[in-house]
Amino acid sequence: MITPAFAQSGAAASGGSDMLLQFLPFILIFVIMYFLILRPQQRRAKAHQELVKNLRRGDTVITSGGLIGRVTKVVDDSPEVEVEIADNVRVRIVRSMVTEVRSKAEPVKA
């Protein structure tokens, strides 16, 4: 027969590994979410910051509102850029609202 002390010592020893098995699905779900959701989102945010940082005069851009225009003025310190959306129609937009650069302007020759 099994004594009560032996039965209690066996339950206490397997309690730690049993606890790990209970948390294993949560850990796996978090790891899967990190690789499927968080990491790609961080990559897109980094690529968008790089795109906004590299805006130059003459670039054709698309804004988050769907406007397509050509960048006419860029000030490095300013969070705004000036975009010409039609002949003699210029608007100032916040840099972060630029979602895509359609065509890059050629660098200015010195």
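Residues numbered from 1 in each chain as written. Predicted model: local features only at pLDDT ≥ 70, side-chain atom pairs only at ≥ 80, totals over all residues. Heavy atoms only, no water.

**Some details on the side chain of threonine 63**
Tracing the backbone shows threonine 63 in strand β1 (residues 60-63). Threonine 63 gets classed as buried once you look at its relative accessible area, which sits at 10%. Leaving out residues up to four positions away in the same chain, threonine 63 has contacts with Ile93, Met97, Val98 and Thr99. (Helix = DSSP H or I, 4+ residues; strand = E, 2+ residues; numbered from the N terminus. Buried < 20%, exposed > 50% of the residue type's maximum accessible area, 1.4 Å probe, protein only. Contact = heavy atoms within 4.5 Å.)

**Side note on unusual backbone geometry**
Although it is not a glycine, asparagine 88 sits at a positive phi angle of roughly 60°. Mapped onto the fold, asparagine 88 is located in the loop between β3 (80-86) and β4 (89-94). Since its relative accessible area comes to 76%, asparagine 88 is described here as exposed.

**Some remarks on the UniProt feature "transmembrane region" (unreviewed entry) in the protein**
The residues that UniProt annotates with the feature "transmembrane region" (unreviewed entry) are residues 20-38. The span residues 20-38 is 100% helical and 0% strand by assignment, and the distance between its end C-alpha atoms comes to 25 Å. (UniProt positions renumbered as here; feature names shortened; annotations may be inferred.)

**A short note on the nonpolar core**
Counting residues in each nonpolar core, the largest one holds 8 residues, listed as Leu55, Val61, Val71, Val81, Val83, Ile93, Val98 and Val101. Of all elements in the fold, only β3 and β5 (98-103) reach the threshold of two or more residues within this core. The residues touching valine 101, leaving out its near neighbours within four places in the chain, are Leu51, Leu55, Asp59, Thr60 and Val61. (Core = buried A, V, L, I, M, F, W, Y, C linked by side-chain atoms within 4.5 Å.)

**Here we look at the packing of aromatic side chains**
Scanning the entire structure with this criterion turns up 1 aromatic pair. For the pair tyrosine 34 and phenylalanine 35, a centre-to-centre distance of 5.2 Å together with 80° between the ring planes defines the contact as edge-to-face. We classify tyrosine 34 as partly exposed; its relative accessible area is 33%. A relative accessible area of 49% places phenylalanine 35 in the partly exposed class. (Phe/Tyr/Trp six-rings, centres within 6.5 Å; stacked < 30°, edge-to-face > 60°.)

**Some thoughts on the sheet that holds β1**
Pairing within the open sheet is antiparallel, and its 5 strands lie in the order β4-β3-β2-β1-β5. Two strands bound the open sheet, and with one partner strand each, they are β4 and β5. Sheet twist, expressed as the mean angle between neighbouring strand axes with direction ignored, is 45°. (Pairing = 2+ DSSP bridges. Axes fitted to C-alpha atoms, helices over the stretch in contact; angles between N-to-C directions.)

**Re the pairing of strand β2 (residues 68-74)**
Two faces belong to every sheet, and in a regular strand the side chains alternate between them. Two elements, β1 and β2, share 3 bridges in a ladder whose sense is antiparallel. For threonine 60, the partnering residue across the bridge sits in β2 and is arginine 70. In this structure, the hairpin formed by β1 and β2 is closed by a connection of 4 residues, where glycine 66 is found at a positive phi of approximately 100°. In this structure, β2 lies alongside β3, joined through 4 bridges in antiparallel fashion. Pairing of valine 74 across the sheet is with valine 81, part of β3. Connecting the antiparallel pair β2 and β3 is a turn made up of 5 residues.

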